[in-house]
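Reading the structure
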Amino acid sequence: MLIHEVGPRDGLQGHSVKLSVEERVDLIKQLNDAGINNIEFGAFVHPKRVPNMADSDKVFQQLNNLSCEFSVLIPNSHGLKKARELGIQKVNIFFSCSNEFNQRNLGKDMNQIITEFKEMLKDTPKKDVRVYISTIFGCPYLGVPTNDMILHAVKEASELGDKIVLCDTIGSADTKLLSNILDLVKDYNISLHLHGDDLLDKVEVAYEKGVREFDSSIHGLGGCPFMPGTKGNLSTEKLVDWAHKKGIETNIDINKLKMISIPH
């Protein structure tokens, strides 16, 4: 099982305290020391939109001595250009099944976003791209997307990157809905990004359905900054503890994870 740690990005982006570059670097080093080798270290987004992600480039520049696969969230070609200038290979992009959500979050509809991503990533290997589809289990403006909407979004995502990350952005999925949607997209390379309560029940369902990659955030920190009241992420230490009890190897030191503290 592969754990993709998103605490330094999704965990901190809406955090009540803006951590310094040094504090963010220290957090990432502690995560890596605990055995986590896949980390989303930040986001190249406008600092006025997401102030906590400002100076993500400076964070990355202090991580070059770590043995880790780092990725960064990018919304547009400006973000990709910055990633390339810094020598970052792995990038994460995002869009929603819901055009209302896309308009509010990115100012464009899904077709416009996909067209721009295809042009932007034409020289980027698909293996270096993770595609996040948000609100796929439910949107506050749309409700649960139809099967046709989900399949259309996943098909488009598969043309952009090798890994498709299904996001329960508002924590609305129950185990039945999760199971149904995973059955619907079983022919694709799926990872899971969960928010909400009773997340280990959903992890168990997804694992039984063949999902072997999960996003998680240290101490369950996080939530969408553009969606007030959204719940936190799947906790990394709870996920690791669940895996170890199931006899699933992660090569992660649960005790070191539990020792990590984050300024509040």
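These lines cover the structure that appears in this document, whether it is placed above or below. Just so it is clear, the model here is predicted, and its values are computed rather than measured.

When the charged atoms of two side chains with opposite charge come close together, those side chains can pair. One pass over the structure, following the stated rule, counts 19 salt bridges. Here lysine 209 makes a salt bridge to aspartate 183, at a shortest N to O gap of 2.9 Å. Of this pair, lysine 209 sits in the loop between helix H9 (199–208) and strand E8 (213–216) while aspartate 183 sits in helix H8 (residues 175–184), and the two are 26 residues apart along the sequence. Note on aspartate 183: relative accessible area 35%, which makes it partly exposed. Note that aspartate 241 and lysine 245 form a salt bridge whose closest N and O atoms lie 3.2 Å from each other. Of this pair, aspartate 241 and lysine 245 both sit in helix H10 (residues 236–245), four residues apart, which is roughly one turn of the helix. Counted as one network, the salt bridges with shared partners bring together Lys118, Lys155, Glu156 and Glu159.

Within strand E5 (residues 129–134), six of the six residues are buried, which leaves the element mostly enclosed by the surrounding structure. Where burial is concerned, the two faces of E5 agree: the one with Val129, Val131 and Ile133 and the one with Arg130, Tyr132 and Ser134 are both buried. Pairing analysis gives six bridges linking strand E4 (residues 90–96) to E5, with the strands arranged parallel. Within E5, the residue paired with valine 91 across the bridge is valine 129. Pairing between E5 and strand E6 (residues 163–168): four bridges, direction parallel. Considered in E6, the bridge of tyrosine 132 is made with valine 165. Viewed along the sheet, the connection from E5 through helix H7 (residues 147–158) into E6 turns out right-handed.

So, about helix H6 (residues 110–120). Side chains three or four residues apart in an α-helix point the same way, a direct result of the helix having 3.6 residues per turn. Here H6 has its buried residues at Met110, Ile113, Ile114, Phe117 and Met120. Each buried residue of H6 lies within a common arc of 130° when the element is viewed along its axis, so the set occupies one face. More than 90 degrees from the buried face of H6, the exposed residues found are Asn111 and Thr115. On its buried face, H6 sits against helix H4 (77–85), E4, helix H5 (99–106) and H7. Two or three places before asparagine 111, at the opening of H6, aspartate 109 has a side-chain oxygen 3.2 Å from that residue's backbone nitrogen.

This next bit is on the pairing of strand E2 (residues 38–43). When you tally the buried positions in E2, you get six out of six residues, the bulk of the element. Considered for its hand, the β-α-β crossover made up of E2, helix H3 (residues 56–61) and strand E3 (residues 69–73) is right-handed.

By size, the foremost hydrophobic cluster in this structure holds 83 residues, and its most contacted members are Phe41, Phe95, Leu166 and Leu257. Phenylalanine 41 has contacts with Pro8, Ile28, Ser56, Val59, Phe60, Leu63, Phe70, Ser71, Val72 and Ile88, leaving out every residue within four places of it along the chain.

Glancing now at unusual backbone geometry. Its identity is not glycine, yet aspartate 55 carries a phi of approximately 65°, on the positive side. Residue position: aspartate 55 is located in the loop between E2 and H3. The class for aspartate 55 is partly exposed, based on a relative accessible area of 34%. We note that threonine 135 has phi near 55°; this positive angle belongs to a residue other than glycine. Residue position: threonine 135 is located in the loop between E5 and H7.

Before going further, it helps to examine the environment of leucine 178. Looking at where leucine 178 falls in the secondary structure, it is placed in helix H8. Along the chain, leucine 178 and serine 235 lie 57 residues apart, while their C-alpha atoms are 18 Å from each other. Among residues more than four places away in sequence, those in contact with leucine 178 are Phe137, Leu192, Lys202, Val205 and Ala206.

So, on to the environment of arginine 130. As for its placement among the helices and strands, arginine 130 is situated in strand E5. Along the chain, arginine 130 and alanine 173 lie 43 residues apart, while their C-alpha atoms are 21 Å from each other. Excluding anything up to four places from it in sequence, arginine 130 contacts His4, Val91, Asn92, Ile93, Lys163, Val165, Ser191, Glu213 and Asp215. Side-chain polar atoms of arginine 130 contact the side chain of tyrosine 132, separated by 2.6 Å. In this structure the side chain of arginine 130 is engaged in a polar contact, spanning 2.7 Å, whose partner is the side chain of glutamate 213.

About the thresholds
Residues numbered from 1 in each chain as written. Predicted model: local features only at pLDDT ≥ 70, side-chain atom pairs only at ≥ 80, totals over all residues. Heavy atoms only, no water. Salt bridge = Lys/Arg side-chain N within 4 Å of Asp/Glu carboxyl O. Helix = DSSP H or I, 4+ residues; strand = E, 2+ residues; numbered from the N terminus. Buried < 20%, exposed > 50% of the residue type's maximum accessible area, 1.4 Å probe, protein only. Pairing = 2+ DSSP bridges. Right-handed = clockwise from strand over helix to strand, strands pointing away. Arc of directions from axis to C-beta. Contact = heavy atoms within 4.5 Å. Polar contact = N/O pair within 3.5 Å; in protein donor to acceptor, adjacent residues only side chain to side chain. Core = buried A, V, L, I, M, F, W, Y, C linked by side-chain atoms within 4.5 Å.

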